[in-house]
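# Summary of the model geometry
Chain residues, written in single-letter form:
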Amino acid sequence: MSLTKHNNRLSPWADLDVLANRMHRAFSDSGLGNLTYGANWVPPVSVEEKGDEILLTAELPGMTEDSVEITLENNVLTISGEKRETRAEGEPGGKYHLVDRSFGTFRRSFTLPRTVRGEGITADFDNGLLLVRMPKAEEALSRKIEVSSRA
């Protein structure tokens, strides 16, 4: 498998991304940035296959296990929750000059392969990392097949 480096400068969307970032900064500086503040927060995830299970890790900094919900319906795993903003408007003696942190609700859904046993899925939350363990079904596990001769 070869990896291909993407050069965003060749993408027709790169200029639109630059324009969107500039507009966001302009509206943020004018105080209008809160109109879309936190509207597009999507936590990053990684999905890894290891031996007899598939691991999904989601980065949810600043959240607790009580603010995260995981559901499984029709072989679709959905992780949702809300990251609340901790700042209070109008605190005496303080004002924000820059806020790059993201807040708001999120919802991510993943269609699971048929090789995952839904009833065995577990989740752990530690230091802002959500680890979802999805065991593979017996028939999906690799096994050695003996070769015999017909003689």
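Residues numbered from 1 in each chain as written. Predicted model: local features only at pLDDT ≥ 70, side-chain atom pairs only at ≥ 80, totals over all residues. Heavy atoms only, no water.

### Observations concerning the confidence of the model for the chain
Using the following cut-off: Confidence scores per residue from the predictor, reported as pLDDT, run from 0 to 100. Residue contacts are defined here by distance: any two heavy atoms, one from each residue, within 4.5 Å place the two residues in contact.
Of all residues in the chain, 69% attain a pLDDT of 70 or more, and the chain-wide mean is 78. Note that residues 30-39 has pLDDT below 50 and, in this model, eleven contacts with residues that lie over four places away or in other chains.

### Quick word on the sheet that holds strand S4 (residues 76-83)
Put simply, the rule is: Pairing between strands requires that DSSP locate at least two bridges from one strand to the other. Helix and strand definitions follow DSSP, with helices as H or I runs of at least four residues and strands as E runs of at least two, each counted in order from the N terminus. Structural elements are reduced to axes, namely lines fitted to C-alpha atoms, with helices fitted over the stretch in contact, and the angle between N-to-C directions of any two is expressed from 0 to 180 degrees.
Spatially, S3-S4-S5 is the arrangement adopted by the three strands of the open sheet, whose pairing is antiparallel. One side of each edge strand has no neighbouring strand; the edge strands of this open sheet are strand S3 (68-73) and strand S5 (104-111). Taking the axes of each pair of neighbouring strands and ignoring which way they run, one obtains an average angle of 15° across the sheet. As defined by bridge partners, S3 adjoins S4 across six bridges and the pair is classed as antiparallel. Each residue of the ladder has a partner; that of Thr71, found in S4, is Thr78.

### Side note on the sheet that holds strand S7 (residues 129-135)
Pairing is antiparallel across the open sheet formed by four strands, whose spatial order is S1-S2-S7-S6. Edge strands, defined here as strands with exactly one partner in the open sheet, are strand S1 (45-50) and strand S6 (122-126). Taking the axes of each pair of neighbouring strands and ignoring which way they run, one obtains an average angle of 15° across the sheet. Where S1 lies against strand S2 (residues 53-59), six bridges are found, and the strand directions are antiparallel. Within S2, the residue paired with Val47 across the bridge is Leu56.

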